[in-house]
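Overview (structure and organization)
These are the residues of each chain, in order.
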Amino acid sequence: MKAYVFPGQGAQFSGMGADLYQKSAAVKALFDRADEILGFPLSQTMFSGSDEELRQTKVTQPAVFLHSVALAKALGEGFQPEMVAGHSLGEFSALVAAGAMNFEDGLRLVSKRAMAMQKACEAVPSTMAAVLGLPDEKVEEICQATPGVVVAANYNCPGQLVISGEIPAVEAACEAAKAAGARRALRLPVGGAFHSPLMEPAREELARAIAETDFHAPVCPVYQNVSTHAETDPETIKKNLIAQLTAPVKWTQSVRHMVADGATVFVEVGPGKVLQGLVKKIEPSAEAYSATIE
């Protein structure tokens, strides 16, 4: 079985989507519509903006979403997913590509999510850090023993767990991880503590927007970050999408469940190659590659 996976924030790069825009009239229409909905020229920033411009939260999340959804559309009849999943922000791309909501609603939600997360980041000095080379259980134990807010946020692959929380707590947990034998424990260049309790104000804001959005049954199961299992019920999908902002991204567990349910090939739809690398570390026997158009 073939699974399609959609990347999250951090996969962006200058020039992203320019080739798709030139090759496909359907993609051009999506980019032009996105600029219209957002009220600023996102497409031009994607094609020729600096790395710094692309790192702005209001740009990054819609840019990665737009690139992923446009690529899925450009695949045309070649896009026949039997299961989908997305990493954090990528879950929105996966849901639109699988028909659970339309492109316009998805883009509006992603934009609102980005702005709400930015506000939450500004409210409390917070950050994230990658811990490499320790079992997940050990990192969880360290977070629980550290004073302040610090939690496991991204279960990316075995031996790679991202933690998230208040800056002093994250720094203390990094030192404890190194003392426990971590190969590396380093702060990430992010604006705040995503997938932690500090995102609660953003979660509440996003919940209101999702409640007003029409969701449909997807064309195939969606393996969501929160539940890690196949989901097709629109109401369950909405609840998981809301919970995702303050809950960890359980990518390792999601990929394992997809493999257990028959996935043998993983196609990454969107910028970068991060997810296919993680898939190979989680399930070395799986085939993983990037979606491309001729």
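Because the structure is a prediction, the values reported are computed rather than measured.

A look at the overall build of the protein chain
Each helix and strand in the protein chain was counted, giving 13 helices and ten strands. Compactness check: the protein chain gives a C-alpha radius of gyration of 18 Å against a globular reference of 19 Å for 294 residues, within 12% of the reference. With respect to the principal axes defined by its C-alpha atoms, the protein chain has extents near 55 × 40 × 35 Å. For the protein chain, contacts bridging at least 24 residues in sequence account for 73% of all contacts bridging at least 6. Carbon and sulfur atoms provide 51% of the accessible area of the protein chain, an area that totals close to 11,900 Å².

Examining the UniProt feature "active site" (unreviewed entry) in the protein chain
Following the UniProt record, the feature "active site" (unreviewed entry) maps to Ser88 and His195 here. The named residues occupy 108 residues along the chain; their greatest pairwise C-alpha distance, 8.7 Å, places them in one compact cluster. If we skip the residues at most four places from it in the chain, serine 88 touches Arg113, His195, Asn225, Gln244 and Val249. Within the structure, the side chain of serine 88 is placed 2.7 Å from the side chain of histidine 195, a separation counted as a polar contact. Residue placement: histidine 195 occurs in the loop between β6 (184-187) and α10 (200-211). In this structure histidine 195 comes out as buried when scored by relative accessible area, which is 3%. Discounting residues that sit within four places of it in the chain, histidine 195 has contacts with Ser88, Arg113, Val151, Ala152, Ala153, Asn154, Gln244, Leu245, Thr246, Ala247, Pro248 and Val249.

Focus: the packing of helix α5 (residues 57-74) against helix α6 (residues 90-97)
At a closest axis distance of 9 Å, the pairing of α5 and α6 adopts a crossing angle of 30°. Classed by the angle they form, the pair α5 and α6 counts as roughly parallel. Crossing of α5 over α6 shows right-handed handedness. Residues Phe65, Ser68, Val69 and Ala72 of α5 lie in contact with α6, whose contacting residues are Phe92, Ser93, Val96 and Ala97. Here the contact of α5 with α6 is built from residues that sort into six nonpolar, two polar and no charged.

Some points on the packing of aromatic side chains
Here the structure, examined in full by the defined rule, presents five aromatic pairs. Aromatic pair tyrosine 21 and phenylalanine 31: ring centres 5.7 Å apart, planes at 85°, arrangement edge-to-face. With a gap of ten residues between them, tyrosine 21 in helix α1 (residues 18-23) and phenylalanine 31 in helix α2 (residues 25-38) connect regions that are remote in the sequence. By the burial criterion, tyrosine 21 is buried, and phenylalanine 31 matches it.

Looking at the pairing of strand β9 (residues 265-268)
Side chains Val265 and Val267 of β9 all project onto a buried face; the interleaved residues Phe266 and Glu268 project onto the opposite face, where all are buried too. Relative to strand β10 (residues 287-290), β9 is paired through four bridges, and the arrangement is parallel. Bridging from a neighbouring strand, phenylalanine 266 pairs with alanine 288 of β10. Following the chain from β9 across helix α13 (residues 274-282) to the adjacent parallel β10, one finds a crossover that is right-handed.

Details of α10
With twelve residues, α10 should cover 16 Å at 1.5 Å per step; its first-to-last C-alpha distance of 16 Å lies within 8% of that length. Burial in α10 covers these residues: Ala202, Leu206, Ala207, Ala209 and Ile210. All buried residues of α10 fall inside an arc of 165° around its axis, so they share one side. Facing away from the buried side of α10 by over 90 degrees, the exposed positions are Arg208 and Ala211. Residues of α10 that are buried sit in contact with α6, α7 (103-123) and α11 (234-243).

Here we look at the pairing of strand β3 (residues 126-132)
A regular strand places its side chains so that they alternate between the two faces of the sheet. The buried fraction of β3 is high, at seven of seven residues. The side-chain alternation of β3 yields two buried faces, one formed by Ser126, Met128, Ala130 and Leu132 and the other by Thr127, Ala129 and Val131. Here β3 runs beside strand β5 (residues 160-166); their pairing, made up of seven bridges, is antiparallel. Opposite serine 126, over in β5, you have glutamate 166 as the bridge partner. Bridging between β3 and β6 involves four bridges; their strand directions are antiparallel.

How each quantity is defined
Residues numbered from 1 in each chain as written. Predicted model: local features only at pLDDT ≥ 70, side-chain atom pairs only at ≥ 80, totals over all residues. Heavy atoms only, no water. Helix = DSSP H or I, 4+ residues; strand = E, 2+ residues; numbered from the N terminus. Rg over C-alpha atoms; globule rule 2.2 N^0.38 Å. Contact = heavy atoms within 4.5 Å. Areas by Shrake-Rupley, 256 points an atom, 1.4 Å probe, with all protein chains shown as cover. UniProt positions renumbered as here; feature names shortened; annotations may be inferred. Polar contact = N/O pair within 3.5 Å; in protein donor to acceptor, adjacent residues only side chain to side chain. Buried < 20%, exposed > 50% of the residue type's maximum accessible area, 1.4 Å probe, protein only. Axes fitted to C-alpha atoms, helices over the stretch in contact; angles between N-to-C directions. Parallel < 35°, antiparallel > 145°, perpendicular 65-115°, else oblique. Left-handed = near helix turned anticlockwise from the far one by under 90°. Nonpolar A, V, L, I, M, F, W, Y, C, P; charged D, E, K, R; others polar. Phe/Tyr/Trp six-rings, centres within 6.5 Å; stacked < 30°, edge-to-face > 60°. Pairing = 2+ DSSP bridges. Right-handed = clockwise from strand over helix to strand, strands pointing away. Expected span 1.5 Å × (residues − 1). Arc of directions from axis to C-beta.

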